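Residues per chain are reported as follows:
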Amino acid sequence: MEPLMLPGQVAPPPYVPPAPEPVKVRELWRMVKRHRLLIAACTAVGLAIGLLLVSRSRPEYEATAKIEVDDNRARVAQVLGTEVTNEKGRMATEMELLRSRQLARAVADSLELRVSVVKPEGVPRSEVLSGIRLNPEADTSTITFVKQAYGEFEARNAEGRVIGRTSAGSPMQVPGGQLVLAPEAVDHPEFTVAIGTREGAAEAVSNRLDISRPDEDANVVYVTYRSSDPALARDVPNTLAARFMEMRRDVHGTEARSTVLFLRAQVDTLHGQLTAAEQRLRVFREREGVVALPVEASTQVTQQAQLQAERNRLEAERAALANTIAQARRGSGPTAVSPYRNLMSFPTLLRNETATQLISQIATIENQRAELLQRYTPDNPEVQSLTRRIEQMEGQLGGIVNTYVQGLGNQVAAIDANLGSFGARMGRIPAQEVELARLTRETEVLAGLHGQLQARLKEAQVAEAVDAPGVRVMDPAFPERSDGGTPLVAGVLAMVGLLLGVGIAFAREYADVSVHTRDDLQAATGFPVLGWVPRMGATLSPGKKALRGMRRMLRPGRASDSHAGRALVPTAGVASLMPSLPAGAPTATADSYEWLYRNLLFLKPGEDVRAVLVTSPLPGDGKTTTAAGLASTLAQRGLRVLLIDADLRRGAPAPQGGGGTPGLSDLLAGTVPLADVVQLVNVGEGRQLHYIPAGHLPPDPVQLLGSPRIQVLMEWLREKYFIVVLDSPPLNLFADAAVLGACADATLLVSRAGVTPFEAVVHAAEQCRRARMPTVGTVLNDIVPDRDRDYDPAYRWYEEGRAYYARVG
């Protein structure tokens, strides 16, 4: 409700609540503590659901067979002294062979896994069937066995037609095969078995099979199978290992025999070719008389190659030196670096001491000339002198190099002459030597191939002699109940419940828009929090009980000349309406109101606070409780206190024939005197609280409360009472509190913890500012320390105070 502004009056700027701070870890922890029962309940429900699901699930069995995989090639290599490589890849291949569909199909056929029990679920196959024999071409079908009299069973097909009768231990012909019931089958009045496809059974085996190699350094493979039937959990890994060994044995024997036959044929062929080549070589030597010509030819060829290499090296060095000398003779300027320094890259010149000294001296003089050029021009006499010395040394060095280059040319010419003579000698070698080399090479190649094939043949014969397949079962499979998933499922569902509880807690926190702490209240209003009042028991609070009792009083009291009213009802009856306010003894609740009054005085030091207006944003926030509690506490101290019920919106309607309880409305209307409306309430130890009820319901409470009579009344009451406490209607609903604010020295805005919405408090604070009410602070009412101390840790001190009062009696 917007207050009316006078002409020329400027409204105060609206209060802007501070922006919410980032959520801190401590706040999150407090939120969890506030909802700990909810979170614990959700966690317990999740755990209970998990345990229930686990208890109703079928038991699973797991069996693992350990297979040692050894390669026959390693044994052969050990016999022959060779090595076998790619061991890691070989083990990977063996593991893939164990996972192959071919082996899975062989296991499914061997154990007749096409037959399974479908009803009732969870019954092991070995419990109802002791023997199974199916034809490979058997079609899929469903057979139901119904128990009859004398332990017999009647077999019915999927259409319900009877196909035979049998008993435990007796074979029975079924479509596509034969079944034998187990003795334990009599424990089941009815069960159904299904015959599936071979591929489906192989697929089921592959899905439940786990092939692993935990230790990479050991050639041991673990074959694990899981099933609800302990017999199948045991038989599948063992059967798979047996079929794998048979496959390895068959493959090993076939490969070994084929290899030996092939190598023996190749050795025989090469042996004939080698014999013929040796015969041709022997005939050629005898006919041509060749003894050691290959040695001679080889020596000459080697020498010729060495001379050619030396000639190429000398020619390259000579050409490089000649090019360097040509560049040096073209010159590079009087101040440039001498091109003769490039001669230092020729190791042969560095072995010449004279050339080395000349190059070093040239470099030294050039460095000196470079230092002079930093200070003088090239025309300087000293610079020109150094330049002439450099040119002289370059001339000497050039002569040495020219001589060396001529010597290199002479060496190249001599080598050319020697190469020519070698060519003539090579031409004189008989052509028969070429034929001899060809025949010798052919014989050596055939001999090498023959030797290699002989070695491979020996390996194959050794491998053929080794009868073991290289695989053995270290530990056969033994079924064990696998309950490893039980705690996992229960734990996961408990965690889901925990997360759900936390999520609900967050949702409740997000949906909770009420104020809970002093910080919330101060952030919403901008006013200081003068006090917080704990809840005074599960029943109605004392102040509200007192006011409701006072409103129910039927006979008004009359005041004396001093306006000290006298009670018209027994004081004991009025005191019985406020059992929570002790007479004479301090309590934590009374201390809360005492602190409220002290903080009110501290806010206005030096000012006389004689009239206090108590209001709230909405009904039910505890303004009446706060007003009555504050007035009762001060009255118990022996102070002269007047409590006025100024909430004319809840006054008693006037009856047709008159009567009723007069109060403030009647007093302001001028129908009754003050002495007729002031009532006395005993607060203990002979002390009294003066009380003016609301009276009859007026037609226009705002006009009545804004009349000049209330200003005169309040001025007179300030002189007669130590303090006057006014209880007004909610500020967000009616303008009564804004009108009464002009009559009060201080206004208290009461909010209820966990009930009053944050936005309602913000709006009430704005109304106080716009109406220029003397609002000095706020009060947080109805705090439950056990509940709210997770919002504000300061609430726990209330428990300390209550324990203290309990100790002192």
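Our structure's up above, just so we're on the same page.
In what follows, the accompanying structure is described. (Residues numbered from 1 in each chain as written. Predicted model: local features only at pLDDT ≥ 70, side-chain atom pairs only at ≥ 80, totals over all residues. Heavy atoms only, no water.)

1. Overview of the pattern of salt bridges
For clarity, the cut-off: Criterion for a salt bridge: a side-chain nitrogen of Lys or Arg within 4 Å of a carboxyl oxygen of Asp or Glu. Each residue's exposure class comes from its accessible area (1.4 Å probe, protein chains only) as a fraction of the maximum for that residue type: buried when under 20%, exposed when over 50%, partly exposed otherwise. Secondary structure elements are defined from DSSP: runs of H or I of at least 4 residues count as helices, runs of E of at least 2 residues count as strands, and each element is numbered from the N terminus.
Taken as a whole and assessed by the stated rule, the structure comprises 25 salt bridges. Across the pair Glu96 and Arg99 runs a salt bridge, and its minimum N-O distance is 2.9 Å. What makes Arg99 partly exposed here is its relative accessible area of 37%. A salt bridge links Arg165 to Glu152, with the shortest nitrogen-to-oxygen separation between them at 3.4 Å. You can see Arg165 sitting in strand 6 (residues 162-167) and its partner Glu152 sitting in strand 5 (residues 152-156), a full 13 residues away along the chain. For Glu152, a relative accessible area of 34% translates into the label partly exposed. A single network of salt bridges, built from pairs that share partners, joins Arg101, Arg105, Glu199 and Glu203.

2. A closer look at helix 21 (residues 708-720)
Stated formally: To estimate the expected span of a helix, count its residues, drop one, and scale the result by 1.5 Å. What the arc covers is the set of directions going from the helix axis to the C-beta atoms. Contacts between residues were defined by any pair of non-hydrogen atoms, one from each residue, lying within 4.5 Å.
Relative to the 18 Å expected for 13 residues at 1.5 Å per residue, helix 21 spans 19 Å between its end C-alpha atoms, a close match to the ideal helical length. Within helix 21, burial applies to Ile710, Leu713, Met714, Leu717 and Arg718. Take helix 21 and look down its axis: the buried residues cluster within an arc of 135°, on one side only. Turned more than 90 degrees from where helix 21 packs its buried face, Pro708, Val712 and Glu719 sit exposed. Its buried side turned inward, helix 21 meets strand 15 (611-615), strand 16 (641-645), helix 19 (664-669), helix 20 (701-705), strand 19 (723-727) and helix 22 (736-740).

3. Overview of the sheet that holds strand 15
Cut-off, in case you're wondering: Pairing between two strands is assigned when DSSP locates at least 2 bridges connecting them. A fitted line through C-alpha atoms serves as each axis, taken over the contacting stretch for helices, and the angle formed by two N-to-C directions is quoted from 0 to 180°.
Read from one edge of the open sheet, eight strands run 14-21-20-15-19-16-18-17, paired in mixed fashion. Edge strands, defined here as strands with exactly one partner in the open sheet, are strand 14 (529-534) and strand 17 (679-684). Direction aside, the axes of adjacent strands within the sheet are offset by 25° on average. With four bridges joining them, strand 15 and strand 19 adopt parallel strand pairing. In the strand pairing of strand 19, Val612 is matched with Val725. Those strands touched by helix 18 (residues 623-636) are strand 15, strand 16, strand 17, strand 18 (687-692), strand 19, strand 20 (746-752) and strand 21 (775-783), and its axis lies near 160° from that of strand 19.

4. Things to note about the nonpolar core
The following threshold applies: Each nonpolar core is a collection of buried residues, namely Ala, Val, Leu, Ile, Met, Phe, Trp, Tyr and Cys, held together in the definition by side-chain atoms within 4.5 Å.
If you look at the biggest cluster of nonpolar residues, it comprises 35 residues, and the most contacted ones within it are Ile644, Leu664, Leu674, Ile692, Met714, Leu717 and Val724. Secondary-structure elements contributing two or more residues to this core are strand 15, strand 16, helix 19, helix 20, helix 21, strand 19, helix 22 and helix 23 (758-770). Each residue touching Val724, except ones within four places of it in the same chain, is listed here: Arg610, Ala611, Val612, Leu642, Ile644, Met714 and Leu717. Core analysis: the second largest hydrophobic core is formed by 28 residues, Tyr593, Val609, Leu630 and Val641 among them.

5. Digging into the environment of Gly629
With respect to the secondary-structure elements, Gly629 resides in helix 18. Here Gly629 falls in the buried class, since its relative accessible area comes to 2%. Separated by 40 residues in the primary sequence, Gly629 and Thr589 place their C-alpha atoms 8.6 Å from one another.

6. Observations regarding the pairing of strand 14
Of all six residues that make up strand 14, five are buried, and the element is covered over most of its length. Looking at chain direction, strand 14 and strand 21 are connected through four bridges and run parallel. Bridging from a neighbouring strand, Pro534 pairs with Ile783 of strand 21.

7. A few points about the sheet that holds strand 8 (residues 177-181)
Pairing is antiparallel in the open sheet, where three strands are placed in the order 3-8-7. With one partner strand each, in any of the chains shown, strand 3 (129-134) and strand 7 (171-174) form the two edges of the open sheet. The average angle at which neighbouring strand axes cross in this sheet is 20°, direction not considered.

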